[in-house]
Amino acid sequence: MASEPVMWIAGVRAMYIQALHPKVMLGTWQNTAFAKPDEAWGRFTRTVEFVRVRTYGSTAEVDRAAARLRKVHASLTGVDADGTTFRLDDPELLLWVHCGEISSCAEIARRSGVHVTAAELDMFVAEQRRSAEVVGLSPAIVPSSMAELDAYYQRMRPRLRVTAEARHAFRVSFAPRLPPALKALHLVVPPVNVLAYASLPRWARRMYGTPAIGLTDAAVTLALRAAFESSTRIPPQLLMLAGAADARQRRSSAA
């Protein structure tokens, strides 16, 4: 599932979900190049590389990447609007980021027509507790099924809101400053982002203030299915999905 190019949409959707937690968004804003468009792409590619290693790397590679990430998180703090300092490795924040990624992958796979059953999606969510452990979470507090993910979001909704930083990040996501070699991605970014946003839960779209960009849920599902069917013609390298290319090569070698 992770090797499908349509998962690029899931990655963007995850960022939109993650930005709804005020402390996650504020901590990201204060400690990264998010507010500096010329540097933001480097942060994004480092995140993609971490996900690639976590998904396809050897145990030793994952351990090294995880240790580096936990060390960085442990050294970072944010300052809330009331002056309260918080740690970026707070389990609540790490769990929110994890669930945003996993729920987005499951939702896009389900709606785009990736060949997974409901039982396999539950298995995927349960297996990803290991990826949560990599970033420093106890698997015991991590949802282990689609139903548990839904219950988690119900509990979290009262704590969520769209901050000024989240609105700014949302706007600039549609016109990122890309390296010259990747200028062609400017053609791909807007439709990918529209689908990512339109696939958000209705409560999340209401928070952002645009319920569905004029698209019904059924229309979004049809568009996701079309994206899945056509995305095999998009070079994975263009989408920075090195993991997808690696997985396809492995399958081809094994055939």
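Keep in mind that this is a model prediction, so the values were computed, not measured.

Peer 1: Looking at this model, I keep getting lost on the pattern of salt bridges. Mind explaining?
Peer 2: Side chains that differ in charge, positive against negative, can pair when their charged atoms come close. One pass over the structure, following the stated rule, counts 7 salt bridges. Note that Glu107 is salt-bridged to Arg111, the shortest N-O span being 3.6 Å. With Glu107 and Arg111 both in helix α5 (residues 91–112), this residue pair falls 4 residues apart, about one helical turn. Arg111 shares its class with Glu107; the two are buried. With its nearest N and O atoms 3.3 Å apart, the salt bridge here joins Asp217 to Arg205. One end of the pair, Asp217, is in helix α12 (residues 217–230); the other, Arg205, is in helix α11 (residues 202–208), with 12 residues separating them in the sequence. Residues joined in a network through salt bridges with shared partners are Glu107, Arg110 and Arg111.

Peer 1: Any chance you could explain the confidence of the model for the protein here in plain terms?
Peer 2: Note: predicted coordinates in regions of low pLDDT should not be interpreted at a detailed level. Chain-level statistics for the protein give a pLDDT mean of 83 and a share of 79% at 70 or above. Note on residues 239–255: pLDDT under 50 across the span, and 30 contacts to partners over four residues away in sequence or across chains.

Peer 1: Help me understand the packing of aromatic side chains, please; the structure alone is not making it clear to me.
Peer 2: The description of an aromatic ring pair uses the distance of the two centres, along with the angle that the planes make with each other. In total, this model carries 11 aromatic pairs according to the counting rule given. Measuring from ring centre to ring centre gives 5.5 Å for Tyr152 and Tyr153, while their planes differ by 65 degrees; the resulting arrangement is edge-to-face. Both residues of the pair, Tyr152 and Tyr153, belong to the buried class. Both rings, one in Tyr153 and one in Trp203, keep their centres 6.0 Å apart while their planes meet at 45 degrees; by these two values the pair is tilted. Of this pair, Tyr153 sits in helix α8 (residues 146–156) while Trp203 sits in helix α11, and the two are 50 residues apart along the sequence. Given the relative accessible area of 11%, Trp203 is considered buried. An aromatic cluster is defined as three or more aromatic residues linked by ring pairs; in this entry it consists of Tyr16, Phe170, Phe174, Tyr197 and Tyr208.

The rules we used
- Residues numbered from 1 in each chain as written.
- Predicted model: local features only at pLDDT ≥ 70, side-chain atom pairs only at ≥ 80, totals over all residues.
- Heavy atoms only, no water.
- Salt bridge = Lys/Arg side-chain N within 4 Å of Asp/Glu carboxyl O.
- Helix = DSSP H or I, 4+ residues; strand = E, 2+ residues; numbered from the N terminus.
- Buried < 20%, exposed > 50% of the residue type's maximum accessible area, 1.4 Å probe, protein only.
- pLDDT = per-residue confidence, 0-100.
- Contact = heavy atoms within 4.5 Å.
- Phe/Tyr/Trp six-rings, centres within 6.5 Å; stacked < 30°, edge-to-face > 60°.

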